[in-house]
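Spelled out, the chains give:
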There are 2 protein chains.
Amino acid sequence: MSSNTWLDQLRENGYRLTESRRAVVEVVATTERALTPVEVFDAARSRYPALGLVTVYRTLEKLEQLGLVQRVHQENGCNAYLTHARGHQHLIICKTCGRAEYFSGDDISSLIQRVSQQHGFTVKDHWLQLSGLCPDCQKLRDEGDD
Amino acid sequence: MSSNTWLDQLRENGYRLTESRRAVVEVVATTERALTPVEVFDAARSRYPALGLVTVYRTLEKLEQLGLVQRVHQENGCNAYLTHARGHQHLIICKTCGRAEYFSGDDISSLIQRVSQQHGFTVKDHWLQLSGLCPDCQKLRDEGDD
DNA sequence: CTCCATGCAAAATATTTGCAATTCA
DNA sequence: TGAATTGCAAATATTTTGCATGGAG
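The structure displayed is predicted, hence computed values, not measured ones.

**A look at the overall build of chain A**
When you go through chain A residue by residue, the secondary structure sums to six helices and five strands. Ordering the α and β elements of chain A from the N terminus gives α-α-α-α-β-β-β-β-α-β-α. Seen through its principal axes, chain A has C-alpha atoms that stretch 55 × 50 × 25 Å. Every one of the 146 residues in chain A was classed for burial, and the buried ones make up 44%. Taking the intrachain contacts of chain A between residues at least 6 apart in sequence as the baseline, contacts between residues at least 24 apart amount to 48%. Both charge centroids of chain A, one from 17 positive and one from 19 negative side chains, sit 8 Å from each other.

**Comments concerning the protein's contact with DNA strand C**
Not every one of the 18 residues close to DNA strand C is listed here, only the nearest: R16 and Y57 of chain A together with A50, T55 and R58 of chain B. Of all DNA strand C atoms lying within 4 Å of any protein atom, the proportion belonging to sugar or phosphate reaches 67%. In the environment of DNA strand C, a phosphate oxygen lies 2.6 Å from a nitrogen or oxygen atom belonging to the side chain of Y57 of chain A. T18 of chain B places a polar side-chain atom, nitrogen or oxygen, 2.9 Å from a phosphate oxygen of DNA strand C. Taken together, the residues of the surface near DNA strand C break down into eight nonpolar, five polar and five charged.

**Side note on the relation of the copies chain B and chain A**
For these two chains of identical sequence, chain B goes onto chain A by a turn of 180° and a shift of 0.0 Å along the axis, with RMSD 0.1 Å. Such a combination of rotation and displacement between the chain copies is what one expects of a two-fold axis. When C-alpha distances to the rotation axis are compared across chain B, the minimum falls at L128 of chain B, with a value of 2.2 Å. When the interface residues of chain B are mapped onto chain A, 100% of them again fall at the interface, so both copies present the same face.

**What to know about the packing of helix α2 (residues 19-29) of chain B against helix α4 (residues 53-65) of chain B**
Residues and elements named next belong to chain B. Interhelical geometry of α2 versus α4 gives an angle of 65° and a closest axis separation of 10 Å. The two elements α2 and α4 meet at a crossing, and its hand is right-handed. Here S20, R21, V24, V25 and V28 of α2 come into contact with α4, specifically with T55, V56, T59, L60, K62 and L63. Residue composition of the contact of α2 with α4, grouped by class: six nonpolar, three polar and two charged.

**Digging into the state of the cysteines**
Disulfides are covalent bonds that link the sulfur atoms of two cysteine residues. Tallied over the full model, the rule gives one disulfide over all chains. The residue that forms a disulfide with C78 of chain A is C78 of chain B, at a sulfur-sulfur distance of 2.5 Å. The disulfide joining C78 of chain A to C78 of chain B has a torsion of about -90° about its S-S bond and is therefore left-handed. Here C78 of chain A is found in strand β2 (residues 77-83), whereas its partner C78 of chain B is found in strand β2 (residues 77-83) on a different chain. The pair formed by C78 of chain A and C78 of chain B is uniform in burial state, with each residue classed as buried.

**Thoughts on the protein's contact with DNA strand D**
DNA strand D sits among 17 residues. The nearest are R21, T55 and R58 of chain A together with R16 and Y57 of chain B. If you look at DNA strand D and keep only atoms within 4 Å of the protein, 66% of those are sugar or phosphate atoms. Note that a base nitrogen of DNA strand D is positioned 2.7 Å from one of the side-chain N or O atoms of R58 of chain A. Contact between DNA strand D and R16 of chain B: a base nitrogen at 2.8 Å from a side-chain N or O atom of the residue. For the surface near DNA strand D, the secondary structure elements donating two or more residues are α2 (19-29) and α4 (53-65) of chain A together with α4 of chain B. It is α4 of chain A that contributes the most residues to the surface near DNA strand D, three residues altogether. Grouping the constituent residues of the surface near DNA strand D by class yields eight nonpolar, five polar and four charged.

Reading the values: rules and limits
Residues numbered from 1 in each chain as written. Chains lettered and ligands numbered in written order. Predicted model: local features only at pLDDT ≥ 70, side-chain atom pairs only at ≥ 80, totals over all residues. Heavy atoms only, no water. Helix = DSSP H or I, 4+ residues; strand = E, 2+ residues; numbered from the N terminus. Buried < 20%, exposed > 50% of the residue type's maximum accessible area, 1.4 Å probe, protein only. Contact = heavy atoms within 4.5 Å. Lys, Arg positive; Asp, Glu negative; His and termini not counted. Charge placed at Lys NZ, Arg CZ, Asp CG, Glu CD. Near = heavy atom within 4 Å. Polar contact = N/O pair within 3.5 Å; in protein donor to acceptor, adjacent residues only side chain to side chain. Nonpolar A, V, L, I, M, F, W, Y, C, P; charged D, E, K, R; others polar. Least-squares fit on C-alpha atoms with pLDDT ≥ 70 in both. Axes fitted to C-alpha atoms, helices over the stretch in contact; angles between N-to-C directions. Left-handed = near helix turned anticlockwise from the far one by under 90°. Disulfide = S-S within 2.5 Å.

Take it as geometry only, folks, not as evidence of what the structure does.
Okay, structure coming up:
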């Protein structure tokens, strides 16, 4: 969907548009869950078989610098990448299928203010992530295991 | 400080108290910032030079299972371990020196409820972490760099 | 004395770097 | 054409495993 926007962003920042980059961008931009470099590699090779894993790493690095993807930290590790939300948003991730969605409008400013005062810290950033079951996985669970 | 409690916990769970484990426990239990396995290794070797890095990994694994330490996820990675707070608490970490403190009393239940309804997710866990400058590092910054 | 635990070495992973060949602009 | 980019291979970095020895209980 937003693949073209991403490609524009790359071009505008002086990067060349190669088949490798197109393949990586298409995979990450159209997947709604966080993917590890190897997962991106596997998925993108079906579109461009000559792709190398190294290029996936390098492309993800650039996309992260441009703010198009972000690293997602989970219990299993923190090496998965996901489309970055526009503006200040937070993540909710499904524990079963990994599906991720963003939400905004966090009203935790009062909490931050309280903690700042109590601990004497100057708070610069905050990071909030929810996890649970997405609608589909709830349904599967309710209907019993298949 | 709580080193002894930790050692008790280990013993009560059927683990033997060895010099290696004492050294690792003492380092992690008395450090107020998150440490990587290698950092623990280096610090603990000054107390017990025969220590091996592998044992650090294995000990941290057990401490994590017992809920005595927790992994801390930061921008640089998620392989640092910190004393686990009792009960449900959240972290605030200093961006400069890495010092970490826990805070509790998060009143984000209304937020969680709202997001649950809007996205249809059943929220099971949440993870909130603040970062900024601790009092000491603010002071240093205010007084100019030394 | 009996196992659990250790440390070494080596294996298995994960990520980064050097470099000649390729390809976009 | 010229410089950016690629993919391979190899170098690092990180974590795990196999196994003989050592030490706690």
